[in-house]
Amino acid sequence: MQLGAVFPQTEIGSDPGPVRDFAVAAEELGYDFFVAFDHVIGADPSKHTLIGPYTHESMFHEPFVLFGYLAAITQRMDLVTGILILPQRQTALVAKQAAEVDLLTGGRLILGVGVGWNQVEFEVLGEDFHRRGRRTDEQLELMQRLWTEELVTFEGRFDTVRHAGINPRPEREIPIWFGGMSSPVLRRCGRYGSGFIPRDQFPDDHERNRDDILFRFGRIREHAREAGRDPDAIALCTRAAVLDGDLDAQLAMAESWEDAGATHLSFNTMNAGLTSPQQHIDAITSFIEAYRG
């Protein structure tokens, strides 16, 4: 099972030094991948009804810009958007940015995508929150064509391309992982995905949560077979966290997922009361040393 370090977006601060230190430490410690979350806009919860945990006070570094920075200071780790909110972004621009990051990192981008939950972001960015699922399906088709064809002609409900293309294009098929738990997400992942990033439905009941995720992953595998794809080629990326408890509890969570067949596990240090960048580095150090040991 490969291990990833979750970038502590909301707690790392805006100084580039700690950002660099955390990424370099993760790679030197032997983490296989690095996960960054995505929000362009935060909203005031006193003025909006928000169903997610982040507000205007939550800091988020923009993933593609962050990964451009990390391309110059890391050598080996895969860089994962976990997840990029695809339907609130321009399709051709995402295709261009993803291709550029993949080229500049030597093929280390994993593009995790999802449909998002923050209606305020969609409004600010000029997109329709209520059509985000349908738009995502179209975007996936168009991005694949922009990555592989010199010139594209595409007439969709949301995007139009006439005899145009991006340059440079990626030199390989960029892996796409899907975040979410709904039936449309499972179908998309089976049809297009290289990996599944599930969300904890029952965070206080690990066995129930694990069984629910494995059931949904089984549905993804069924959809992959129906699409003529190899279900064994789809990764399952689960999580362990400092919030799970002490180091023994964190290791037990990781071992449970490994026993269940997860291929990847990301370790999250956020929201656990760590008050300095060094404490986040200490936490990922303790976890990987104990797990590998």
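Scroll up to find the structure.
Residues numbered from 1 in each chain as written. Predicted model: local features only at pLDDT ≥ 70, side-chain atom pairs only at ≥ 80, totals over all residues. Heavy atoms only, no water.

Caption draft 1: Structural detail: the packing of helix H9 (residues 247–259) against helix H10 (residues 277–292). Interhelical geometry of H9 versus H10 gives an angle of 55° and a closest axis separation of 10 Å. As judged from the angle between their axes, H9 and H10 are oblique. H9 and H10 meet at a crossing whose hand is right-handed. Contacts between H9 and H10 involve Leu-247, Gln-250, Leu-251, Ala-254 and Glu-258 from the former and Ser-286, Phe-287, Ala-290 and Tyr-291 from the latter. Partitioned by chemical class, the residues of the contact of H9 with H10 number 6 nonpolar, 2 polar and 1 charged. (Axes fitted to C-alpha atoms, helices over the stretch in contact; angles between N-to-C directions. Helix = DSSP H or I, 4+ residues; strand = E, 2+ residues; numbered from the N terminus. Parallel < 35°, antiparallel > 145°, perpendicular 65-115°, else oblique. Left-handed = near helix turned anticlockwise from the far one by under 90°. Contact = heavy atoms within 4.5 Å. Nonpolar A, V, L, I, M, F, W, Y, C, P; charged D, E, K, R; others polar.)

Caption draft 2: Broad picture of the pattern of salt bridges. Considering all chains together, one arrives at 14 salt bridges under this definition. Residue Arg-131 is joined to Asp-128 by a salt bridge in which the shortest nitrogen-to-oxygen separation is 3.2 Å. The salt bridge partner of Arg-135 is Asp-159, with a shortest N-O separation of 4.0 Å. You can see Arg-135 sitting in helix H6 (residues 132–148) and its partner Asp-159 sitting in the loop between strand E6 (152–155) and strand E7 (160–164), a full 24 residues away along the chain. On the basis of relative accessible area, Asp-159 is assigned to the buried category, the value being 14%. (Salt bridge = Lys/Arg side-chain N within 4 Å of Asp/Glu carboxyl O. Buried < 20%, exposed > 50% of the residue type's maximum accessible area, 1.4 Å probe, protein only.)

Caption draft 3: Representation of the side chain of Asp-32 within the structure. Structurally, Asp-32 can be placed in the loop between helix H2 (16–29) and strand E2 (33–36). A distance of 3.1 Å separates polar atoms of two side chains, one belonging to Asp-32 and the other to Arg-292. Here Asp-32 is in contact with Gln-2, Leu-3, Arg-76, Met-77, Asp-78 and Arg-292, once residues within four sequence places are set aside. (Polar contact = N/O pair within 3.5 Å; in protein donor to acceptor, adjacent residues only side chain to side chain.)

Caption draft 4: Looking closely at the nonpolar core. Tyr-31, Phe-34, Phe-67, Leu-111, Trp-147 and Phe-196 are the most contacted members of the largest nonpolar core, which totals 67 residues. With 6 residues, the top contributor of residues to this core is H10. Membership of the second largest hydrophobic core comes to 21 residues, among which are Phe-33, Ile-85, Trp-177 and Met-270. (Core = buried A, V, L, I, M, F, W, Y, C linked by side-chain atoms within 4.5 Å.)

Caption draft 5: Geometry of the packing of aromatic side chains. According to the stated counting rule, one finds 9 aromatic pairs in the structure shown. Between Tyr-54 and Phe-60 the ring centres are 4.8 Å apart and the planes differ by 85°, which places this aromatic pair in the edge-to-face class. Phe-60 carries the same exposure label as Tyr-54, and that label is buried. Between Phe-267 and Phe-287 the ring centres are 4.0 Å apart and the planes differ by 0°, which places this aromatic pair in the stacked class. Here Phe-267 is found in strand E11 (residues 264–268), whereas its partner Phe-287 is found in helix H10, with 20 residues between them in sequence. On the basis of relative accessibility, which here comes to 0%, the residue Phe-267 falls in the buried class. Using a relative accessible area of 0% as the deciding quantity, one classes Phe-287 as buried. Cluster of aromatic residues (ring-pair linked, three or more members): Phe-7, Phe-22 and Phe-34. (Phe/Tyr/Trp six-rings, centres within 6.5 Å; stacked < 30°, edge-to-face > 60°.)

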